[in-house]
Structures are given as structure tokens and as C-alpha cells.
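# Observations on chain architecture
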Amino acid sequence: MDIASIRKDYKLKELSEKQIASSPDIQFKFWFEEAVKAEVPEVNAMVLSTVGQNSRPSARVVLVKDFDKNGIVFYTNYKSQKAIEMLGNPFASLTFFWPQLERQVRVEGIVEKVSEDESIRYYNSRPWESRVGAWVSNQSEEIENREKLEKLFTELDSKFKKEGSIPKPENWGGYRLKPEFYEFWQGRPSRLHDRICYELENGDWRIFRLAP
Ligand SMILES: Cc1cc2nc3c(=O)[nH]c(=O)nc-3n(C[C@H](O)[C@H](O)[C@H](O)COP(=O)(O)O)c2cc1C
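Residues numbered from 1 in each chain as written. Predicted model: local features only at pLDDT ≥ 70, side-chain atom pairs only at ≥ 80, totals over all residues. Heavy atoms only, no water.

## Here we look at the site of the ligand
- Close to the ligand lie E42, R60, V61, V62, L63, Y75, T76, S80, Q81, K82, Q139 and S140.
- The separation between a nitrogen atom of the ligand and a polar main-chain atom of Y75 is 2.9 Å.
- One of the side-chain nitrogen or oxygen atoms of T76 is found 2.6 Å away from an oxygen atom of the ligand.
- Taking 620 Å² as the accessible area of the ligand by itself, protein coverage stands at 64%.
- Elements with a minimum of two residues in the shell around the ligand: β2 (57-68), β3 (71-77) and α2 (81-88).
- Residue composition of the shell around the ligand, grouped by class: 4 nonpolar, 5 polar and 3 charged. (Near = heavy atom within 4 Å. Polar contact = N/O pair within 3.5 Å; in protein donor to acceptor, adjacent residues only side chain to side chain. Areas by Shrake-Rupley, 256 points an atom, 1.4 Å probe, with all protein chains shown as cover. Helix = DSSP H or I, 4+ residues; strand = E, 2+ residues; numbered from the N terminus. Nonpolar A, V, L, I, M, F, W, Y, C, P; charged D, E, K, R; others polar.)

This is the structure we're talking about:
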């Protein structure tokens, strides 16, 4: 297979200073809605990058569950590798890739836990099986085999069904990344892509363009 010859020329759209919103959360909402309309698969999937011990980065996909001018929210296990890393270093970045629109969005900022109420509200909106799953998985811990996981799922599923309700595990909840930087990338022909950025400076968003 000739991997080096795989390439794509981008020509669907353009992004200019004239059309961009004055605040990045509005621009993000606009692009997110277009990505939903374009039926981008797993449109709410984003790569969360964190920094661990010895400045080593790690990255994984998580799902965005809410966003507005205050930030971008995702849910996970508070004892997972990513959670431990964010405790040690609250700077994180999010990357969205929407190939059907030839777009990438990068967001950087500081993460903080959402309120317990917000986490409970979202937890209770999840399907029953996902709520049981949150109890079963000590995310990012080494486990002996899959059978033990499935056995625990069956046990906890019937325990909570008997009790008639399922509370949110203490070690599960949301984070909000409070953005300080956004980059909106639109693929263009000849690798002359549009990259328009917003950077928070003294409470205002400075808008600028980067070389592709
Ligand atoms: C499409 C997709 C969506 C995912 N969504 C989440 C999510 O919302 N929350 C989460 O904790 N893990 C999610 N995961 C799993 C993570 O990528 C990762 O395996 C897990 O969170 C453990 O990461 P860590 O060990 O770095 O903490 C998702 C994975 C994929 C591929």
C-alpha cells in the first residue's frame, strides 16, 4: 500500500474574518450545528489531550455533552488516568475533526469539575445500562479479564433493579473546559488552509489568522 500517496485537496468552503462571529462560543455553535446537519458520524466526539507526570501528554476520545460561553462539558471517571492528570495539571485541549466539512476545531483552556448537581442531572438522563456501567468500571485500572467485568455488571444490575433506583457513583462526573484559545480550521486548496483563532486577552477575545 502506498500510504504516501493518500491525499485530499480541500475545496468545499472557506472561512474569512468577515464571516466569523465576534465570540468563539457562537462560532463553535454555528459550526457544530452545521456538522450535525452534515451528518458527521459521532459529531460530538473530540480528542481530549492532557498532561501527565514528567510533562508527558496523553490523548483519548470523549464525548461533548454540553457547551456554551462558559465552556465545553464532558463526563468521565474521576479516578481515571485523564482525571489524575487533570488534577496535577488543569490545562487541557480538545480537538474536533469533521471531515465531511473539511474542518477542525481546537480548543485550549483550564478544566474544572462541574457541580455535583449538574453531574447528577446528566447521570440520571443516561440509559440504565450506562449508569450501571459507570459503577462497574474502575476506569483505567488493570483488570484480570472481561468475565469479571460482566459478572459484576450482572450483579450490580440486579441489585439496583431490586432497590428500584441507581445513584450516581461518587467517582463519576463532569468536567468543564473553560476556553482561553480556539482555532477554527477550514481546509482550502493547495494547502492554503484558513486558520482563524480567538485568544482571551484581559477578558476580550482577540481574533487573528495563522499561516496554514
Ligand atoms: C467515540 C468514543 C467516545 C468516548 N467517550 C468517552 C466519554 O465520554 N467519557 C469517557 O470517560 N471515555 C470515553 N471514551 C473512552 C476514552 O477514549 C478512554 O478510553 C477512557 O476514557 C479512558 O481514558 P484514560 O485512561 O486516559 O482516562 C470514548 C471513546 C470513544 C472511541
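So much for the structure itself; the text now carries on.
## Side note on the nonpolar core
- If you look at the biggest cluster of nonpolar residues, it comprises 32 residues, and the most contacted ones within it are F74, L94 and W98.
- Residues contacting L94, with those up to four places away along its chain left out, are M46, V47, L48, I72, F74, V105, R106, V107 and L177.
- Residues Y75, Y122, V132 and A134 belong to the second largest nonpolar core, which totals 13 residues. (Core = buried A, V, L, I, M, F, W, Y, C linked by side-chain atoms within 4.5 Å. Buried < 20%, exposed > 50% of the residue type's maximum accessible area, 1.4 Å probe, protein only. Contact = heavy atoms within 4.5 Å.)

## Thoughts on helix α4 (residues 128-136)
- Those residues of α4 that fall on the buried side of the exposure criterion are W128, R131, V132, A134 and V136.
- Packing partners of the buried residues in α4 comprise α3 (116-125), α5 (146-163) and β6 (172-186).

## Overview of the packing of aromatic side chains
- A full pass over the atoms with the stated rule returns 20 aromatic pairs.
- Note on W31 and F184: the rings are 5.3 Å apart at their centroids and 90 degrees apart in plane angle, and the pair reads as edge-to-face. Within this pair, whereas W31 is found in helix α1 (residues 24-37), its partner F184 is found in strand β6, the two being separated by 153 residues in sequence.
- F184 sits in the buried class, given a relative accessible area of 0%.
- Plain terms: the ring middles of Y122 and W172 are 6.1 Å apart, the flat faces sit at 15 degrees to each other, and that makes the pair stacked. With Y122 in helix α3 and W172 in strand β6, this pair connects stretches of sequence that are 50 residues apart.
- Taking relative accessible area as the criterion, W172 reaches 6% and is therefore assigned buried.
- Its end group placed over the ring of W31, R103 keeps NZ or CZ at 4.0 Å from the ring centre.
- The positively charged end of K113 is found above the aromatic ring belonging to Y78, 4.1 Å away from the centroid. (Phe/Tyr/Trp six-rings, centres within 6.5 Å; stacked < 30°, edge-to-face > 60°. Lys NZ or Arg CZ within 6 Å of the ring centre and 35° of its normal.)

## Side note on the pattern of salt bridges
- Overall, the coordinates contain 20 salt bridges when judged by the stated rule.
- We note a salt bridge from R188 to E14, for which the minimum N-O separation is 3.8 Å. Taken together, the residues R188 in the loop between β6 and β7 (194-201) and E14 in the segment before α1 connect sequence positions 174 residues apart.
- Given a relative accessible area of 47%, E14 falls into the partly exposed group. (Salt bridge = Lys/Arg side-chain N within 4 Å of Asp/Glu carboxyl O.)

## What about the layout of surface pockets?
- Here the largest pocket is characterised by a volume of approximately 390 Å³.
- In terms of lining residues, the largest pocket is bounded by 16 residues, among which Y75, T76, R126, Q139 and W172 are the most central.
- No other element matches β2, which puts 4 residues into the lining of the largest pocket.
- Here the lining of the largest pocket is composed, by residue class, of 7 nonpolar, 6 polar and 3 charged.
- Put simply, the second largest pocket is a space of about 160 Å³.
- In terms of lining residues, the second largest pocket is bounded by W135, V136, N138, E141, E142, I143, E144, N145, K148, L149 and L152. (1 Å grid on protein atoms, 1.4 Å probe; cavity = no way out; pocket = protein on both sides within 12 Å on 5 of 7 lines; lining within 4 Å. Points joined across faces, edges and corners; volume = space filled by probe spheres on them.)

Just distances and angles here, no functional claims.
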